[in-house]
Amino acid sequence: MRSRVLVAAVVTALVAGLAGPASADRTPRPPAAEPKLTGSHPCPDQPGFTCSTLTVPLDHRGRVPGTLDLQVATADNADAPKGTLLFLTGGPGQPGVPFSDRIAHQRLPEVAKEYRFVTLDQRGTGEFGAIDCPQLQAQVGSSDIAAPTPGAIDECSGVIGDRKGLYGTEQTVADYETLRQALGVGKMVVDGVSYGTFTAARYAAVHPSHVRKVVLDSVLPHVDPQADDGLYIVGLHAEARVLRDACTSAPACGFDPADDLAWVVRHRSDADGVRIFDTMVSYEFVDPTYRNADALPGGQGDIIGALHAARHGDSTRLDALLDILKSGGDDVTGYSAGLHIDTFCSDSAFPWGRSDTPLRGRQAKLDAALRRIDPSRFWPYTRATSAGSGFTQECLRWHSRPSAEPPARLPDVPVLLVNGDHDLSTPVEWAYEEAGHAPNGKVVIVKGASHSIQNRELGHAGRDAVIAFLNG
């Protein structure tokens, strides 16, 4: 998945399905049908959008037969002056079509006047194609961090079966290229949020001639040469910076919230460390200040205050937050945990290697790698928090076809990287890391904002930056 740049021809061959030994069958085959959108009809609950179906190969490399039908929503302004904008949602596991009207008309109407917005339900997501792994869905839902039981992981492995690895980002990027061809456009603007930044950047890296501009909102680096993004080391350590910054707002806290968090994590069980990490990341979607008691019913907000009270002997409020924000039970059509595990694990590199590494020996390699890492890199959390998180625990048991590694360098087109400085899901450190791969990149940090600027920012500074970038 990560690190070194591949020769462009090799990448093209992999994505187009041309790699591998030639077939002994010399029988002439008919040319592949031109991609097209079929079954067009007005999108329910998405005014101004037409829904249709895009049929794509199950395996763009051609190893496994079959097709998938993906739902696509296209804005009705087909003659938009600035062309097509492909908007990519997150997860992995989240569909795109249900967000069409909100993003285009409610959040970015200035952009929607200039561009034709296009969204799609990523393979394995949405009302018509979501992968349903019941135990995984019940236990972790849309969380990256909550750790499922081994039984839930094994059940999901059985549900997906021999399709494992066919939901990785390599295949999704090829879906986007098929969509571009079906739309009949030469170049697109690609705009991704969260995991959508990962797919947007990978599409741009693999298909540079078909991209005009790129927006990366709440950035996940598209390559990981150090093979530690799955361990979430950067995200764990970034919480100290975010909480300390939150405490500088008037009235100042008068104590160090990072020290409080570190103390609480070390005085509760390792499993509670993971639960606290998961709750912190969930809380950012409720209250990007981390200090507003009224952000939750009954004055249950203010997670900084809850941690401070727990350090001084009263865990009531913290325990309540752990319960209120516990993960699991999300509707599979709104977020597929099964899709998430196959995509993430097929894409990622870990200390034990890639997703095709034999399962035996992985735990020993993980343990050895964690021992070599300076514990200060995990602070205010611990090695155990990293080892016990859902990222690590799911992929430790997942065996699948790995995605091909893309080029690390993004094309020399304008790239806007926008991130909230209070984002715990994809911290600003990742935005700067990804900017190092973008020769024509610009980073915009939104003060006091958390995850998903275009969808959730309370103010307008981040969206103003996106509007100026796209419409200028």
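Scroll up to find the structure this text is about.
Residues numbered from 1 in each chain as written. Predicted model: local features only at pLDDT ≥ 70, side-chain atom pairs only at ≥ 80, totals over all residues. Heavy atoms only, no water.

Some details on helix α7 (residues 195-206)
For α7, built from 12 residues, the straight-helix expectation of 16 Å at 1.5 Å per residue is met to within 8% by its first-to-last C-alpha distance of 17 Å. Burial within α7 is extensive, with 12 of its 12 residues counted as buried. Within α7, burial applies to Tyr195, Gly196, Thr197, Phe198, Thr199, Ala200, Ala201, Arg202, Tyr203, Ala204, Ala205 and Val206. (Helix = DSSP H or I, 4+ residues; strand = E, 2+ residues; numbered from the N terminus. Expected span 1.5 Å × (residues − 1). Buried < 20%, exposed > 50% of the residue type's maximum accessible area, 1.4 Å probe, protein only.)

Here's the deal with the packing of helix α8 (residues 233-246) against helix α10 (residues 270-283)
Where α8 contacts α10, the two axes come as close as 12 Å, and the packing angle between them is 50°. Of the possible angle classes, the one that applies to α8 and α10 is oblique. Crossing geometry of α8 relative to α10 is assigned as left-handed. Side by side, α8 and α10 meet where Leu236, Glu239 and Leu243 of the first sit next to Phe277, Met280 and Val281 of the second. Of the residues contributing to the contact of α8 with α10, the split by class is five nonpolar, no polar and one charged. (Axes fitted to C-alpha atoms, helices over the stretch in contact; angles between N-to-C directions. Parallel < 35°, antiparallel > 145°, perpendicular 65-115°, else oblique. Left-handed = near helix turned anticlockwise from the far one by under 90°. Contact = heavy atoms within 4.5 Å. Nonpolar A, V, L, I, M, F, W, Y, C, P; charged D, E, K, R; others polar.)

Quick look at the pairing of strand β7 (residues 211-217)
Among the seven residues that make up β7, six are buried, leaving the element largely enclosed by the rest of the structure. Direction of pairing for strand β6 (residues 188-193) relative to β7: parallel, over a ladder of six bridges. When the bridges of β7 are listed, Gly192 appears paired with Leu216. Read as a crossover between parallel neighbours, the route from β6 over α7 to β7 is right-handed. Relative to strand β8 (residues 415-420), β7 is paired through four bridges, and the arrangement is parallel. Within β8, the residue paired with Asp217 across the bridge is Val418. (Pairing = 2+ DSSP bridges. Right-handed = clockwise from strand over helix to strand, strands pointing away.)

Concerning the side chain of Ser346
Counting through the fold element by element, Ser346 comes out in helix α13 (residues 337-347). You can call Ser346 buried: its relative accessible area is 0%. Within the structure, the side chain of Ser346 is placed 2.8 Å from the side chain of Ser400, a separation counted as a polar contact. (Polar contact = N/O pair within 3.5 Å; in protein donor to acceptor, adjacent residues only side chain to side chain.)

Some words on the packing of aromatic side chains
Going through the model one piece at a time under the given rule, you end up with 11 aromatic pairs. Geometrically, the ring pair formed by Tyr195 and Phe198 is stacked, given 5.8 Å between the ring centres and 25° between the ring planes. Taken as a pair, Tyr195 and Phe198 lie in helix α7 at a separation of three residues, close to a single helical turn. As far as the burial class goes, Tyr195 and Phe198 line up, both buried. Here the aromatic residues Tyr232, Phe277, Phe344, Phe350, Trp352, Tyr381, Phe391 and Trp430 are joined through ring pairs into a cluster of three or more. Looking at Lys164, its charged tip hangs above the ring of Trp398, at a distance of 5.3 Å from the centre. (Phe/Tyr/Trp six-rings, centres within 6.5 Å; stacked < 30°, edge-to-face > 60°. Lys NZ or Arg CZ within 6 Å of the ring centre and 35° of its normal.)

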